[in-house]
Amino acid sequence: MGRPYIFGTNFKMNQTPAESAAFFEQVAARIAPRSDVHCYIIPPYTSLQAVTELARRDNIPIWIGAQNMHWAPEGAYTGEISARILLALGVDLVLLGHAERRGLFHEGDPELNRKVQAAFAAGLRVLLAVGETGEERQYGVSAETVARQLKIALYDVPVEQLALLSVAYEPVWSIGAGGTPASPDDVAPIATVIRSTIADRFGDVGRQVPVLYGGSVNPSNAGSFTALEDIDGLLVGRSGWTVDGYVATYEAGLAAYSD
Ligand code: PGA
């Protein structure tokens with residue numbers, strides 16, 4: 001069975017609700033829905049309501065994601081947001097384990113495991129980001145790092161919930177303006193490790209979990225990643241922050257995609 005092409009952007013701490021709504025409407029007008037493609041956008045929490053309202057009003061099939069989530073359904077957790085709150089807005093997915101959450105906000109693998117379990121139990125899709133730091137790469141433990149992150153994040157997850165999972169491989173050293181873009185030769189072996197780690201844990205159904213690449217993706221290099229056998233799509237930052245950039249990167253990735 002072919003795996004769909006999955007494409008989208010994380011806005012990080014950018015955009016007001018009005019800016020996100022305008023972006024969403026314009027992207028939806030430029031990208032025709034297809035059964036073999038899933039597009040998504042991940043705006044700040046404060047934009048989620050405006051965007052989900054538009055999606056409902058105009059029946060737009062683009063997935064709308066949150067950038068993080070707490071594991072508890074509710075409680076005394078000042079500043080946090082739960083799966084229950086996200087679902088009430090009509091959010092489709094949650095990004096968990098982004099390198100900035102892990103690095104700047106000290107999120108560890110056991111916490112991520114609780115978040116993944118809570119999201120799945122609530123029926124939310126999870127886009128789980130994994131990736132080694134520059135230091136881990138230098139020591140030659142990229143594969144071990146990514147396998148460890150995956151095994152802990154997916155610990156005790158029932159196989160029936162696996163259909164809600166996508167994984168994004170984002171080497172930390174390749175992300176953002178100060179990052180060094182990865183090459184397809186860097187990405188291919190780790191994408192294969194991701195696929196086999198999930199298959200070892202869950203059996204053959206694990207092979208259907210989409211694996212995305214992220215980190216300094218742009219319209220010129222997008223196709224070099226989506227052409228890889230074990231890469232099913234992209235998680236884009238800066239290149240997806242304008243409508244033209246989003247559409248151009250989407251198209252470049254799709255043109256080279258082979259499932
Ligand atoms: P970038 O960000 O595309 O701007 O490098 C990627 C990410 O943080 O997911």
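Counting starts from 1 at the beginning of each chain's written sequence and moves along it residue by residue. Local features in this predicted model are restricted to residues of pLDDT 70 or higher, and side-chain atom pairs are both shown and tallied only at a pLDDT of 80 or more, whereas totals for entire chains, interfaces and linings draw on every residue. Excluding hydrogens and water, the side-chain figures rest on all heavy atoms present in the structure.

A. Highlighting the nonpolar core. Here, the term nonpolar core denotes a set of buried Ala, Val, Leu, Ile, Met, Phe, Trp, Tyr and Cys residues that are joined through side-chain atoms within 4.5 Å. Categorising residues by exposure relies on relative accessible area from a 1.4 Å probe, with only protein chains included: less than 20% of the type maximum marks a residue as buried, more than 50% marks it as exposed, and the intermediate range marks it as partly exposed. Within the largest apolar cluster, 68 residues are counted, with the highest numbers of intra-cluster contacts made by L128 and I194. Note on contacts: a residue pair is in contact if any heavy atoms of the two residues lie within 4.5 Å. Apart from the residues lying within four places of it in its own chain, the contact partners of L128 are L96, V116, L150, A153, L154, L165, S166, V167 and A168. Of all hydrophobic cores here, the second largest spans eleven residues; its members include W63, L127, A129 and L212.

B. Summary view of empty space enclosed by the protein. As defined here, a cavity is a set of points on a 1 Å grid over the protein atoms alone where a 1.4 Å probe fits but cannot get out. A pocket is an open set with protein on both sides within 12 Å along at least five of seven lines, and residues line them when an atom is within 4 Å of a point. Grid points are joined across faces, edges and corners, and a volume is the space filled by probe spheres set on the points. Summed over all chains, the structure comprises one cavity of 30 Å³ or more. Considering only enclosed or pocket space, the largest cavity measures out at about 50 Å³ in volume. When residues of the lining of the largest cavity are traced back to their parent elements, those giving at least two are helix 7 (142–153) and helix 8 (184–202). A run of DSSP states H or I qualifies as a helix once it reaches four residues; a run of E qualifies as a strand once it reaches two. Both are numbered from the N-terminal end. The greatest single-element share of the lining of the largest cavity, amounting to four residues, is contributed by helix 8.

C. Main features of the layout of surface pockets. If you add up the space inside the largest pocket, you get close to 470 Å³. Lining of the largest pocket is provided by 16 residues; of these, K12, M13, Q67, R101 and F105 occupy positions nearest its centre. For the lining of the largest pocket, the secondary structure elements donating two or more residues are helix 2 (45–58) and helix 4 (99–104). Tallying contributions element by element places helix 4 first for the lining of the largest pocket, with three residues. By volume, the second largest pocket amounts to about 300 Å³. Along its surface, the second largest pocket is lined by 21 residues, and R125, A163, L165, Q208 and P210 are the ones closest to its centre. Of all the secondary-structure elements, those providing two or more residues to the lining of the second largest pocket are strand 2 (37–42), strand 5 (125–130) and strand 6 (165–169).

D. Molecular detail of the packing of helix 1 (residues 17–30) against helix 2. Axis lines are fitted through C-alpha atoms, for helices just across the contact stretch, and the angle between N-to-C directions can take any value from 0 to 180 degrees. Their axes nearest at 8 Å, the elements helix 1 and helix 2 cross at an angle of 30°. Note on packing geometry: the crossing formed by helix 1 with helix 2 is right-handed. Contacts from P17, S20, A21, F24 and E25 of helix 1 reach helix 2 at T46, S47, A50, V51, L54, A55, R57 and D58. Following the grouping adopted for this structure description, the nonpolar residues are Ala, Val, Leu, Ile, Met, Phe, Trp, Tyr, Cys and Pro, the charged ones are Asp, Glu, Lys and Arg, and the polar ones are all others, Gly among them. Grouping the constituent residues of the contact of helix 1 with helix 2 by class yields seven nonpolar, three polar and three charged. Left-handed describes a crossing in which the near helix is turned anticlockwise from the far one by less than a right angle; the clockwise case is right-handed.

E. Just the pattern of salt bridges, in detail. We define a salt bridge as a side-chain nitrogen of Lys or Arg found within 4 Å of a carboxyl oxygen belonging to Asp or Glu. Counting across every chain of the model gives 15 salt bridges. Measuring nitrogen to oxygen at the nearest pair gives 2.9 Å for the salt bridge that ties R30 to D244. Within this pair, whereas R30 is found in helix 1, its partner D244 is found in helix 10 (residues 243–256), the two being separated by 214 residues in sequence. On the accessibility criterion, D244 (52% relative accessible area) is exposed. In this structure, E74 and R84 form a salt bridge, with 3.4 Å as the shortest nitrogen-oxygen distance. Note that E74 is positioned in the loop between strand 3 (63–66) and helix 3 (83–89) and R84 in helix 3, a separation of ten residues in sequence.

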